[in-house]
Amino acid sequence: MWSVDLFANAIVAGLLLGGFYAAVSIGLAITFGQLDIVNIAHPAFVVVGSYTAYIINRHFGLDPVLIGVLFAPVFFLVGAAIYRVYYVSFERTGQESLSGLAFFFGLMFIIEVLLIMAYGVDYRLVTAGYIGQTINIGFVGIPFRMLVPFSVAAALTVGIYLYLSRTFTGRAILAVAQDRLALQLMGADPVRIKQFAFGLAIATTAIAGSLLIIIGPVEPSLGRQYIGRVFAIVVLGGMGSIPGMAIAALILGVVETMVGTFMGPSWSPAVSFSVLLLTLALRPSGLFGRK
Amino acid sequence: MKGAAFWISIVAVLVAGLVLTRVVSNEYYFNALYVILQGAIMAVAWNVLGGFTGYVNFGSAGFFAIGAYTSIALGKAFGQSLPLPVMIATAAVVCGLIGLSLGYLTLRLKGVYFSIATLAMAIVFETLMNNWSYVGGARGAYILTPDSHLWFNSYIEMLFMVMLLLTLGSVAISRALNASRLGRGLASIRDDEVAAECAGVPTLRLKLISATIMGAMMGVAGAPYPYFVTFVDPASAFSLFVAVNAIAMPMIGGTAHWIGPVIGALLVGTAQQVITVTVSSELNVLVVGVMLVLFITLAPQGIVGLAQKYLARRRR
């Protein structure tokens with residue numbers, strides 16, 4: 001059971017998977033980490049991104065990644081609209097802790113049920129030329145259906161990181177988490193910044209969703225398994241730190257693949273949640289968080 | 001509601017339930033009522049922590065399922081002849097301890113972390129049950145309903161009465177808690193935790209008590225479940241629907257008052273039964289989600305809040 005090539009394959013597969021996890025988590029690192037909005041429906045939006053890719057791909061045969069990029073602006077508008085509702089109903093009245101949480105929980109549930117009603121509980125997948133091909137380096141096989149999402153996710157993560165640290169709006173997003181009042185005094189409207197950032201976070205789910213359906217078939221309740229993963233990654237990564245989030249995603253990908261390889265895949269859903277529980281219990285500020 | 005009036009209505013409901021088992025012979029009604037009462041216990045339990053203390057539990061289905069699996073495991077170990085009250089009591093202890101330990105791990109942090117941890121707990125236990133072949137594993141377990149059903153006409157009638165007793169018990173506990181010194185402490189945590197801490201309220205201890213009571217009540221709601229459905233698998237026991245209902249019912253009814261979750265459970269539960277029979281079960285699930293979101297955005301105080309506002313306006 002234990003052999004070098006199995007081990008090496010698991011490490012490589014885990015790193016590729018972890019890279020993809022970064023794309024799924026980056027939106028939450030912005031909403032939960034920076035804006036302090038507990039968007040528990042985040043993975044549900046990722047699944048919506050997958051279904052968008054599935055529908056367009058089936059009808060027009062476009063490449064799933066391209067579909068993700070094309071639909072990101074649409075998702076951006078949806079996200080901005082949802083933040084509007086959230087702000088007016090909860091944030092302005094100071095009820096975000098209880099009602100806001102339940103709001104996103106209900107939203108997640110509605111998305112899932114609507115998808116089930118429209119497309120059933122069958123697994124859906126996309127077609128693209130590269131899915132199914134593999135390159136072999138020594139005894140390590142790298143399937144393209146993992147390599148493509150990994151590369152796109154890496155580009156997305158670096159892009160968002162540069163955007164947040166280099167541009168005015170990006171820095172304003174970071175500032176809104178730190179000091180709302182100071183940002184207001186600098187002449188920026190915190191609500192509009194947060195609305196923009198929330199839209200940006202939801203826009204990333206369009207791309208993450210297209211990557212998700214490249215990796216494997218998707219069904220409506222798949223998002224639930226990702227709740228544990230994305231929150232584990234964001235908390236472990238130190239809440240809102242993009243590099244921390246990326247490293248945490250790689251760690252989780254490797255650990256999950258190891259458990260799946262050596263203990264059996266039926267145990268892997270528990271990995272992320274165990275990591276999350278342990279992090280919360282032992283070091284709630286995460287690996288790279290400030291105390 | 002004054003003390004005497006409350007206890008008279010509790011007894012009245014109990015007598016009405018007994019009369020029902022004599023008069024009605026169609027088993028469907030007892031099935032439907034069982035589901036509604038199960039929802040009511042879950043809602044009341046959720047509200048002990050969610051409504052009174054202000055900490056959101058997303059993992060209600062986890063507590064519920066562990067209650068159900070406690071019954072299955074006990075049934076496997078000691079035979080099906082083990083009396084139901086013993087199983088219910090064991091489930092209460094097991095789930096109460098889980099609530100306590102989960103609270104101990106996360107209730108010192110911001111409320112959000114507790115919410116996410118409850119969700120995590122449900123998935124961890126679902127994975128455990130999927131891999132534990134003693135209680136059926138992923139394939140699920142069949143449970144034989146015992147032959148004896150006391151003096152009732154059928155087993156489901158007895159289960160219905162058991163559930164009615166448990167529901168009334170939970171409501172009484174929740175009401176007592178709401179009015180007690182402990183309940184005022186919990187309310188102070190909900191309104192402003194830092195201020196409560198400064199005023200000398202032992203916040204962590206109160207939160208832990210609250211989480212333990214919540215877990216125990218949910219375990220109680222789940223313990224008779226295997227005998228109700230006779231087949232349990234992890235996917236159905238850990239259903240997200242149970243968790244959504246447990247949140248939606250108190251939110252729709254109103255969280256601040258003990259009667260809120262009861263009203264919400266009766267309303268939502270009955271609506272669900274009607275929609276399932278007349279339209280479809282998928283639409284039923286959707287309706288709950290939509291009602292939840294609509295109520296929390298438009299009427300955050302729930303039906304009780306709306307009623308209070310209406311009464312206050314009339315008085316003026």
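For the structure, see preceding data.
Thresholds, definitions, all that
- Note that residues are indexed from 1 along each chain, following the sequence as it is written.
- Ligands are numbered from 1 and chains lettered from A, in the order in which they are written.
- For a predicted model such as this one, the threshold for reporting local features is a pLDDT of at least 70, and the threshold for listing and counting side-chain atom pairs is 80 or more; totals across whole chains, interfaces and linings nevertheless cover every residue.
- For this entry, the nonpolar core is defined as buried Ala, Val, Leu, Ile, Met, Phe, Trp, Tyr and Cys residues connected by C-beta atoms within 7 Å.
- Note on burial: count the other C-beta atoms lying within 10 Å of the residue's C-beta; 20 or more is buried, 12 or fewer is exposed, in between is partly exposed, and C-beta positions come from the backbone.
- Per the convention used, a helix needs a DSSP run of H or I reaching at least four residues, while a strand needs a run of E reaching at least two, with both numbered from the N terminus.
- Two residues qualify as being in contact provided that their C-beta atoms, derived from the backbone, are within 7 Å of each other.
- The pairing criterion for strands is at least two bridges between them, as found by DSSP.
- Ten residues, namely Ala, Val, Leu, Ile, Met, Phe, Trp, Tyr, Cys and Pro, are considered nonpolar, four, namely Asp, Glu, Lys and Arg, are considered charged, and the remaining ones, Gly among them, are considered polar.
- Directions drawn from the helix axis to the C-beta atoms are what define this arc.
- Fitted lines through C-alpha atoms give the axes, limited to the stretch in contact for helices. The angle between two N-to-C directions lies from 0 to 180 degrees.
- Roughly parallel refers to an angle under 35 degrees, roughly antiparallel to one over 145, roughly perpendicular to one between 65 and 115, and oblique to any angle outside these ranges.
- By convention the crossing between two helices is left-handed if the near helix lies anticlockwise of the far one by an angle smaller than a right angle, and right-handed if it lies clockwise.

Draft legend 1. Here's a closer look at the nonpolar core. One finds Ala23(A), Met217(B) and Leu292(B) to be the most contacted residues of the largest nonpolar core, which totals 202 residues. At 15 residues, helix H8 (residues 190-215) of chain A tops the list of elements feeding residues into this core. Setting aside residues no more than four positions away along its own chain, Leu292(B) makes contact with Ala102(A), Gly106(A), Val244(B), Ile247(B), Ala248(B), Met251(B) and Ile252(B).

Draft legend 2. The arrangement of the pairing of strand E2 (residues 140-143) of chain A in detail. Residue and element names in this part refer to chain A. Sheet analysis places strand E1 (residues 134-137) next to E2, joined by four bridges and oriented antiparallel. From the neighbouring strand, asparagine 136 faces E2, where its bridge partner is glycine 141. Counting the residues in the hairpin turn of E1 and E2 gives two residues, including glycine 138, whose phi is positive at 65°.

Draft legend 3. View of the interface of chain B and chain A. In this complex, chain B contributes 33 residues to the contact, which on the side of chain A involves 33 residues. Elements represented by at least two residues in the side of chain B that touches chain A include exactly helix H4 (84-106), helix H5 (111-131), helix H12 (240-253) and helix H14 (281-298) of chain B. If you tally residues by element for the side of chain B that touches chain A, the top one is H5(B), at 13 residues. For the side of chain B that touches chain A, the per-class residue count stands at 23 nonpolar, nine polar and one charged.

Draft legend 4. Representation of helix H7 (residues 181-191) of chain B in the model. All names here are of chain B. Among all positions of H7, only Gly183, Gly185, Leu186, Ile189 and Arg190 are buried. An end-on view of H7 places all buried positions within 155° of arc, on one side of the element. Of the exposed residues in H7, the ones pointing more than 90 degrees away from its buried face are Arg181 and Asp191. Elements in contact with the buried residues of H7: helix H6 (155-179), helix H8 (193-198) and helix H9 (203-222).

Draft legend 5. Highlighting unusual backbone geometry. Positive phi outside glycine occurs at Asp36(A), with the angle close to 65°. Locating Asp36(A) in the fold gives a position in the loop between helix H1 (4-34) and helix H2 (42-60). Classification of Asp36(A) by C-beta neighbours within 10 Å gives partly exposed; the count is 17. With phi around 65°, Thr230(B) is a residue other than glycine that occupies positive phi space.

Draft legend 6. How the structure looks around the packing of H4(B) against H5(B). Residue and element names in this part refer to chain B. At a closest axis distance of 10 Å, the pairing of H4 and H5 adopts a crossing angle of 135°. Between H4 and H5, the crossing angle belongs to the class labelled oblique. Judged by the twist between their axes, the crossing of H4 over H5 is right-handed. The residues of H5 that touch H4, namely those facing Leu102, Leu105 and Thr106, are Tyr113, Phe114, Ala117, Thr118 and Met121. In terms of residue class, the contact of H4 with H5 is built from six nonpolar, two polar and no charged.

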